[in-house]
Amino acid sequence: MRVPVVIIGGGPAGSLLAHLLHRQGVESVVLEQRSREYVLSRIRAGVLEHGACELLREHGLGERMDREGFEHHGVSLAFAGRRFRVDFEALTGVGVRIYGQTEVQKDLYAALEADDIPLLDEVSDVSLGGLESERPWVGFNRAGQEQRLECDYIAGCDGFHGVSRLAIPEGVRQEHEREYPFGWLGVLSETPPVSHELIYANHPRGFALCSMRNEHLSRYYVQCTLDTTAEEWPDERFWEELKSRLPGGAAETLVTGPSIEKSIAPLRSFVSEPMSFGRLFLAGDAAHIVPPTGAKGLNLAISDVTYLSRALVERYRDGSDAGLEAYSDKALARVWKAVRFSWWMTNLMHRLPETGAFGQRVQDAELDYLSGSLAAQTAFAENYVGLPV
Ligand code: APR
Ligand code: PHB
């Protein structure tokens, strides 16, 4: 069987790409290794950049996001017993939207189903080849049956642990990585959020973040060591730790309750270059990972597939390869800026004992500068609400 585009991975990158292509007359098949239920229940970050929201709206995916999501016009940063707000609206004219990735994924799967776009779930043993030929192929196993799809192009949207990136020969692939010596312990709880906007706190005990999903569902994180496990954090210990790191005002009003999810994620920055090889094009976490500080992961997946869908549509409509040839450079230019911002914000907001007293003083000075400079806040706001796509 031959299809124009085979998409490996049905996370946000893969399913959005299939949707964007279909809307513009390019057909694809999505291959996903997990079950539909598994993909739809994954809990991830929840901040959509202004441009990402516009894009989702433009492609018919904004209805529930606009109804159930929340527009945020700023965030608070806390440090050294102080707290200040960065006013996105005043500094950039736009804000961000709080709408969980889990919800975006539900909307995407609903759209694929409504349009009868084939999404084959629970596939295994995905392999790919012929990347430098005009007939690339993807092999896989589904329900015990070996299958093979021939195609014009392959989109590798299979996340950090996927197989697509590894199909780029080692001599061509360049990987850049930074691992941070700490993780985030996250808790989801059916309690009202402590603040109507996000609070990022840098406290001597470590970083803390107050986020939310809706008026009744809060998402909180604390910086933790890499050797700890979620089992070592009964709810009571988590709430106590969070409270100790929050600025005055927030700590006293924090409503605690049983957690409904608790997990630990290590922090990492990773970029694999180039993002294309022959007829294979990588998008999203398959090509890059950012630490969650600033919530850029999903937004980058959205900008990658926006570029890739435009390039593929140009190829099928006008017969031009120009967009596909430019894809990797174009995507990487934006990716590196988000990598830089996430790395910078991670270093600004976490406790980094390895940088010593000098590092701590520099961090204090930077937070103090940011709190008092509209120029610095504008740079922060511009990156947080999202650079142009
Ligand atoms: N074959 C088929 N599917 C695969 C394979 C494989 N070999 N390996 C991984 N997958 C699937 C995963 O099960 C997952 O559903 O690919 C999908 C990749 O999805 P994500 O990891 O969510 O990555 P992406 O779609 O790029 O979205 C980026 O989601 O992962 C978060 O933090 C990330 O917010 C960011 C956003
Ligand atoms: C979240 O709500 O999960 C979230 C918000 C902001 C971040 C990271 C995660 O920077």
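Here the structure is a predicted model, which means the values were calculated and not measured.

Turning our attention to the overall build of the chain. The helix and strand inventory of the chain stands at 12 helices and 19 strands. Computed over the C-alpha atoms, the radius of gyration of the chain is 21 Å, within 12% of the 21 Å expected from 2.2 N^0.38 for a compact globule of 389 residues. Viewed in the frame of its principal axes, the chain has a C-alpha envelope of about 60 × 40 × 40 Å. For the chain, buried positions account for 55% of its 389 residues. The long-range share in the chain, meaning contacts at least 24 apart out of those at least 6 apart in sequence, stands at 71%. When the accessible surface of the chain is summed, it comes to about 16,600 Å², and 51% of that surface belongs to carbon and sulfur atoms.

Inspection of the region around ligand 1 gives 23 residues, with Glu32, Arg42, Arg44, Gln101 and Asp285 positioned closest. Here Glu32 contributes a side-chain N or O atom positioned 2.6 Å from an oxygen atom of ligand 1. The side chain of Arg42 places a nitrogen or oxygen atom 2.9 Å from an oxygen atom of ligand 1. Listed by contribution, the elements that provide at least two residues to the shell around ligand 1 are α1 (12-23) and α9 (297-318). Looking at the shell around ligand 1, the element that brings in the most residues is α9, giving 3 residues. For the shell around ligand 1, the residue count by class is 9 nonpolar, 8 polar and 6 charged.

With that settled, consider α1. The terminal C-alpha atoms of α1, which comprises 12 residues, lie 16 Å apart, in line with the 16 Å expected from a rise of 1.5 Å per residue. Counting buried positions along α1 yields 10 of 12 residues, so the element is predominantly enclosed. Every buried residue belonging to α1 is among Pro12, Ala13, Gly14, Ser15, Leu16, Leu17, Ala18, His19, Leu20 and Leu21, and all of these are buried. Those residues of α1 that are buried lie in contact with β1 (2-8), β2 (28-31), α3 (50-58), α6 (101-114), β11 (145-156) and α9. Backbone geometry just after α1 places Gly25 at a positive phi near 85 degrees.

For the pair helix α10 (residues 322-349) and helix α11 (residues 356-372), interaxial distance at closest approach is 9 Å and the crossing angle is 110 degrees. By the angle between their directions, the pair α10 and α11 is classed as roughly perpendicular. On the side of α10, the interface is formed by Trp344, Asn347, Leu348 and Met349, while α11 contributes Gln363, Glu366, Leu367 and Leu370. Residue composition of the contact of α10 with α11, grouped by class: 5 nonpolar, 2 polar and 1 charged.

Looking now at the environment of Gly69. When you line up the elements, Gly69 lands in the loop between α4 (63-68) and β4 (70-72). Accessibility expressed as a relative area gives 9% for Gly69, which makes it buried. Between the C-alpha atoms of Gly69 and Ile98, which are 29 residues apart in sequence, the distance is 5.4 Å. Look past the residues within four positions of Gly69 in its chain and what remains in contact with it is Arg64, Arg97, Ile98 and Tyr99.

Glancing now at the pairing of β2. By the alternation rule, side chains of β2 split into Ser28 and Val30 and Val29 and Leu31, which are all buried. Note: β1 against β2, 4 bridges, orientation parallel. The residue of β2 that forms the bridge with Ile8 is Leu31. Tracing the backbone out of β1, into α1 and back to the parallel element β2 gives a crossover that is right-handed. In this structure, β2 lies alongside strand β8 (residues 119-120), joined through 2 bridges in parallel fashion. Looking at the pairing, Leu31 lines up with Leu120 of β8.

Position of Gln377 among the secondary structure elements: in helix α12 (residues 374-385). In this structure the side chain of Gln377 is engaged in a polar contact, spanning 3.3 Å, whose partner is the backbone oxygen of Ser371.

Contact pair α3 / α9: the axes reach a minimum separation of 10 Å and the direction vectors enclose 50 degrees. As summarised for this structure, α3 and α9 are arranged oblique, according to the angle between their axes. Taken as a pair, α3 and α9 cross one another with a handedness that is left-handed. Contact residues: Ala52, Leu55 and Leu56 in α3; Asn299, Ile302 and Thr306 in α9. Of the residues that constitute the contact of α3 with α9, the class distribution is 4 nonpolar, 2 polar and no charged.

Relative to the helices and strands, Ala283 resides in the loop between β18 (280-282) and β19 (288-289). Residues Ala283 and Ala13, 270 residues apart in the sequence, show an inter-C-alpha distance of 6.6 Å.

Before going further, it helps to examine the nonpolar core. The biggest cluster of nonpolar side chains holds 67 residues, and the ones touching the most others in it are Ile7, Leu16 and Leu48. Ranked by the residues each element gives to this core, the list is headed by α9, at 10 residues. Here Ile7 is in contact with Gly14, Leu17, Ala18, Leu21, Ser28, Val29, Val30, Leu31, Ala155 and Cys157, once residues within four sequence places are set aside. Residues Leu77, Trp184, Tyr200 and Phe207 belong to the second largest nonpolar core, which totals 33 residues.

Each value, and the rule that gives it
Residues numbered from 1 in each chain as written. Chains lettered and ligands numbered in written order. Predicted model: local features only at pLDDT ≥ 70, side-chain atom pairs only at ≥ 80, totals over all residues. Heavy atoms only, no water. Helix = DSSP H or I, 4+ residues; strand = E, 2+ residues; numbered from the N terminus. Rg over C-alpha atoms; globule rule 2.2 N^0.38 Å. Buried < 20%, exposed > 50% of the residue type's maximum accessible area, 1.4 Å probe, protein only. Contact = heavy atoms within 4.5 Å. Areas by Shrake-Rupley, 256 points an atom, 1.4 Å probe, with all protein chains shown as cover. Near = heavy atom within 4 Å. Polar contact = N/O pair within 3.5 Å; in protein donor to acceptor, adjacent residues only side chain to side chain. Nonpolar A, V, L, I, M, F, W, Y, C, P; charged D, E, K, R; others polar. Expected span 1.5 Å × (residues − 1). Axes fitted to C-alpha atoms, helices over the stretch in contact; angles between N-to-C directions. Parallel < 35°, antiparallel > 145°, perpendicular 65-115°, else oblique. Pairing = 2+ DSSP bridges. Right-handed = clockwise from strand over helix to strand, strands pointing away. Left-handed = near helix turned anticlockwise from the far one by under 90°. Core = buried A, V, L, I, M, F, W, Y, C linked by side-chain atoms within 4.5 Å.

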